[in-house]
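As a plain string of letters, each chain reads:
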Amino acid sequence: MSRNIQDVKDMEIQYRPIGIIHSEFNEQEETPIQGIFNESVGRVEVFPEFAEGLADIEAFSHLILLYHFDRATGCTLLQKPFLDGKKARGIFAIRHFNRPNPIGLSIVRLLGVNGNVLEIKGVDVLNGTPLLDIKPYVHRFDHREEVQSGWVDDQHIDDIAEWNSTPRALRDRERTNR
C-alpha cells in the first residue's frame, strides 16, 4: 500500500535517547569535524534499561553511533561546509549539524565494554550528546567499492588529517581547496 505524501509530511516522529555520549569536547568550535582525523577517547553510557541490548557488542571493532545534535542552532538548507568555506552547499551534500532533522552519525572504534559503558576512540561529538542508537559496523555490509564523494573528493584530505581538524582550526588556516 502506497502512502499519501501529505500523510507522511504530517507525521510527528519522536525518539527517546538510549544513552549519552561523553567526550572531552564542550564547544562546537573545538570539536573535530570527523572522528577519522583524531584519536580522542570517550565513553558511551547506555541507560541501564537498555544495557541488555549491548550483549555481544564486544566482538565488534567499530560501531556506528546515531545521535541528536541537541546544540544545533537551526536549519539551513544551504551551508558552507567546514572543509570548503568558499561555497555554500546543500545541507544533504554535507554533514553539518544545522539540518532539518538534527541527527548525527559517527563511526567509532570500540576499545572496551564495562557494563553499560562503552569506551570508544575517534570521538567527534560534543560532551553530553544524547545517543539515539548504536549499530555494529560490519565491513562486508557497510564498505563500498568505487565510491564517489562529490565535492569532498576535490579537498586535500591528507592535509586535513595532519591538522587539528576543528571548525576553528580550519577557519584559521588557509582553506584546503586550492
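Refer to the structure above for everything that follows.
Residues numbered from 1 in each chain as written. Predicted model: local features only at pLDDT ≥ 70, side-chain atom pairs only at ≥ 80, totals over all residues. Heavy atoms only, no water.

Participant: I'd like to hear about the packing of aromatic side chains, residue by residue, with values.
Facilitator: With the rule as written, the count across this model stands at two aromatic pairs. With a centroid separation of 5.5 Å and an interplanar angle of 90°, the aromatic rings of Tyr67 and Phe69 are classed as edge-to-face. (Phe/Tyr/Trp six-rings, centres within 6.5 Å; stacked < 30°, edge-to-face > 60°.)

Participant: Account for the sheet that holds strand β3 (residues 62–68), naming residues and giving values.
Facilitator: Strands sit in the order β1-β2-β7-β6-β3-β8 around a closed barrel of six strands; the barrel is antiparallel. Between one strand axis and the next, the sheet turns by 45° as a mean value, whatever way the strands run. Strand direction decides the pairing type here: β3 and strand β8 (residues 129–136), joined by five bridges, are antiparallel. In the strand pairing of β8, Ile64 is matched with Lys135. (Pairing = 2+ DSSP bridges. Helix = DSSP H or I, 4+ residues; strand = E, 2+ residues; numbered from the N terminus. Axes fitted to C-alpha atoms, helices over the stretch in contact; angles between N-to-C directions.)

Participant: Any chance you could break down the layout of surface pockets for me, citing the residues and the numbers?
Facilitator: Empty space left among the atoms is revealed by rolling a probe the size of a water molecule over them. Approximately 240 Å³ is the volume found for the second largest pocket. Considering only residue class, the lining of the second largest pocket consists of seven nonpolar, three polar and no charged. (1 Å grid on protein atoms, 1.4 Å probe; cavity = no way out; pocket = protein on both sides within 12 Å on 5 of 7 lines; lining within 4 Å. Points joined across faces, edges and corners; volume = space filled by probe spheres on them. Nonpolar A, V, L, I, M, F, W, Y, C, P; charged D, E, K, R; others polar.)

Participant: Mind laying out the nonpolar core, listing which residues take part and the relevant values?
Facilitator: Among the nonpolar cores identified, the biggest contains 19 residues, and Val44, Leu65, Leu118 and Ile134 are the most heavily contacted of them. Looking at this core, the elements with two or more residues in it are β2 (41–46), β3, β6 (103–114), β7 (117–121) and β8. In contact with Leu65, not counting residues within four places along its chain, are Ile21, Val44, Gly104, Leu105, Ser106, Val108, Ile120, Leu131, Asp133 and Ile134. (Core = buried A, V, L, I, M, F, W, Y, C linked by side-chain atoms within 4.5 Å. Buried < 20%, exposed > 50% of the residue type's maximum accessible area, 1.4 Å probe, protein only. Contact = heavy atoms within 4.5 Å.)

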